[in-house]
Amino acid sequence: MRDQTGTFDRRSYLKLAGAGVAVTGLAGCLEDAADDDDDGSESGGDDETEIVAGTAPGFPPFEMNEGGDLVGFDIDHLEAVVAETDYELGGWNEYNFETLIQSLESGNIDVIAAAMTINDERKERIAFTDPYYSADQSVLVQTGGDFQPSELEDLSGRQVGAQSGSTGEGIVEDEVDGAEYRSFDSYVLAVGELERGTLDAVVLDQPVAKTFEANRDVEIAFTFETGEEYGLGVRQDDGDLQSALNDGIAAVQESGEYEEITQEWFGE
Ligand code: ARG
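Treat the numbers as computed from the prediction; the structure is a model and nothing was measured.

Peer 1: So what's going on with the pattern of salt bridges? Which residues, and what values?
Peer 2: Applying the stated criterion to the full structure yields 6 salt bridges. One salt bridge in this structure joins D110 and R235, with 2.8 Å as the shortest N-O distance. Here the residue D110 occupies a position in the loop between helix 4 (100–105) and strand 5 (111–112), and R235 occupies one in the loop between strand 12 (233–234) and helix 9 (239–254), the gap between them amounting to 125 residues. Residue class for D110 comes out buried when judged on its relative accessible area of 1%. Look at R235 and you get buried, because its relative accessible area is 10%. Here R182 ties to E193 by a salt bridge, and the two come within 2.9 Å at their closest N and O atoms. Note that R182 is positioned in strand 9 (residues 180–184) and E193 in helix 7 (residues 187–196), a separation of 11 residues in sequence. Given a relative accessible area of 26%, R182 falls into the partly exposed group. On the accessibility criterion, E193 (17% relative accessible area) is buried. Taken together, the shared-partner salt bridges in this structure form one network comprising D110, R235 and D238.

This is the structure in structure tokens:
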């Protein structure tokens, strides 16, 4: 059973389907939210506490589109976090990763939940919550292919792909001399090229690399430590939302719900 991402996990899907209310509720909101791109920070209309989330699917198991539904760790996690606050999650909008910060700044969304690494460059434009997940970067290659790099230097002179605006892209651009860098809107597209042999390597977050390795014809050549931490992104003047989400993140961790969501999507 394989869809566009090739990461369909039947067990997870069935479990999600069992939680039908939440899934249907969100799907219903998605359209409304997508149509509603005209306003400022009060994306929800009358209810001031309604917030709209933005993400960039194609990053399994954090966010992906399965049969038209947006699912994944970040989806479940943000829903759980917001449920601990006085805010209400009105729906999800989907973007290319590269345009998420802009969409937050312009008020089309109120929170980014997209496995986004907290870093200084981004902090110049947006604020982050406390970290909720840690990751390093991996280099993916074709399974059993001729090219088996063991360090970043080995990528010199090779066609290397990453997602536009990602920290993986930053690594290829800043730390690999002479790579022929190719940017992709989605890692799903980059992995497709890797399988077809039209790309030599892809640099991306290790948990996502592992998911592709398990579901596609690609394997992790090596992983290198970056110690990245993911945070939820909010506007810099949205301090109330930021602290509410921080409390929510802590509550979800303490209640054991975080562990459950991790089990669900990583089987760890
Ligand atoms: N963690 C990396 C970054 O912040 C990659 C995130 C990509 N996320 C996504 N939903 N496509 O740049």
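On we go.
Peer 1: Could you give an account of the site of the ligand, with specific residues and numbers?
Peer 2: Residues in contact with the ligand amount to 14 residues; listed here are only the nearest, A115, T117, R122, T167 and D205. One nitrogen or oxygen atom from the main chain of A56 is found 2.9 Å from a nitrogen atom belonging to the ligand. Contact between the ligand and Q163: a nitrogen atom at 2.9 Å from a side-chain N or O atom of the residue. Considering the ligand on its own, with 350 Å² of exposed area, one finds that the protein chains cover 100% of that surface. Along the lines of polarity and charge, the residues of the shell around the ligand split into 7 nonpolar, 4 polar and 3 charged.

Peer 1: Give me the nonpolar core: which residues, what numbers.
Peer 2: By size, the foremost hydrophobic cluster in this structure holds 51 residues, and its most contacted members are F62, F73, L78, L140 and F212. Sequence-distant contacts of L78, that is, excluding residues within four places in its chain, are made with A53, L89, W92, V111, A113 and L232. Counting residues in each nonpolar core, the second largest holds 13 residues, with V141, V176, A201 and F222 among its members.

Peer 1: For the packing of aromatic side chains, give the residues involved together with the corresponding values.
Peer 2: Applying the stated criterion across every chain, the model contains 14 aromatic pairs. Ring geometry for F62 and Y133: centres 5.1 Å apart, planes at 85°, overall edge-to-face. Here F62 is found in the loop between strand 1 (50–55) and strand 2 (64–66), whereas its partner Y133 is found in strand 7 (residues 133–142), with 71 residues between them in sequence. Each member of the pair, F62 as well as Y133, carries the same accessibility label: buried. Linked through ring pairs, F59, F62, F73, Y132, Y133, Y187, Y230, Y258 and F266 together constitute an aromatic cluster. Lying over the aromatic face of F147, R158 brings its terminal NZ or CZ to 4.0 Å of the ring centre.

Peer 1: How would you sum up the sheet that holds strand 8 (residues 159–163)? Please name residues and give values.
Peer 2: Strands sit in the order 9-8-10-7-11 across an open sheet of 5 strands; the sheet is mixed. Looking at which strands have only one partner, the edges of the open sheet turn out to be strand 9 and strand 11 (218–230). Between one strand axis and the next, the sheet turns by 25° as a mean value, whatever way the strands run. Pairing between strand 7 and strand 10 (residues 201–205): 4 bridges, direction antiparallel. For S138, the partnering residue across the bridge sits in strand 10 and is L204.

Peer 1: Can you tell me about the pairing of strand 9, naming the residues and giving the values?
Peer 2: With 5 bridges joining them, strand 8 and strand 9 adopt parallel strand pairing. For Q163, the partnering residue across the bridge sits in strand 9 and is F184.

Peer 1: Hey, could you go over the pairing of strand 7 for me, with residue numbers and the actual values?
Peer 2: Within a regular beta strand, the side chains point alternately toward one face of the sheet and then the other, so they alternate between its two faces. Across the 10 residues of strand 7, 8 count as buried, placing the element largely inside the fold. Here 9 bridges tie strand 7 to strand 11, and the two strands are oriented antiparallel to one another. Residue V139 lies in a different strand from strand 11, and its bridge partner there is F222.

Peer 1: Any details on the side chain of D136? Residues and values, ideally.
Peer 2: Relative to the assigned elements, D136 resides in strand 7. Buried and unpaired, D136 has no salt bridge, with K210 as the nearest side chain of opposite charge at 9.2 Å. A polar atom in the side chain of D136 sits 2.9 Å from the backbone nitrogen of T226. A distance of 2.8 Å separates a polar side-chain atom of D136 from the backbone nitrogen of G227.

Criteria and cut-off values
- Residues numbered from 1 in each chain as written.
- Predicted model: local features only at pLDDT ≥ 70, side-chain atom pairs only at ≥ 80, totals over all residues.
- Heavy atoms only, no water.
- Salt bridge = Lys/Arg side-chain N within 4 Å of Asp/Glu carboxyl O.
- Helix = DSSP H or I, 4+ residues; strand = E, 2+ residues; numbered from the N terminus.
- Buried < 20%, exposed > 50% of the residue type's maximum accessible area, 1.4 Å probe, protein only.
- Near = heavy atom within 4 Å.
- Polar contact = N/O pair within 3.5 Å; in protein donor to acceptor, adjacent residues only side chain to side chain.
- Areas by Shrake-Rupley, 256 points an atom, 1.4 Å probe, with all protein chains shown as cover.
- Nonpolar A, V, L, I, M, F, W, Y, C, P; charged D, E, K, R; others polar.
- Core = buried A, V, L, I, M, F, W, Y, C linked by side-chain atoms within 4.5 Å.
- Contact = heavy atoms within 4.5 Å.
- Phe/Tyr/Trp six-rings, centres within 6.5 Å; stacked < 30°, edge-to-face > 60°.
- Lys NZ or Arg CZ within 6 Å of the ring centre and 35° of its normal.
- Pairing = 2+ DSSP bridges.
- Axes fitted to C-alpha atoms, helices over the stretch in contact; angles between N-to-C directions.
- Lys, Arg positive; Asp, Glu negative; His and termini not counted.

Geometric descriptors of this kind do not, in isolation, establish any biological role.
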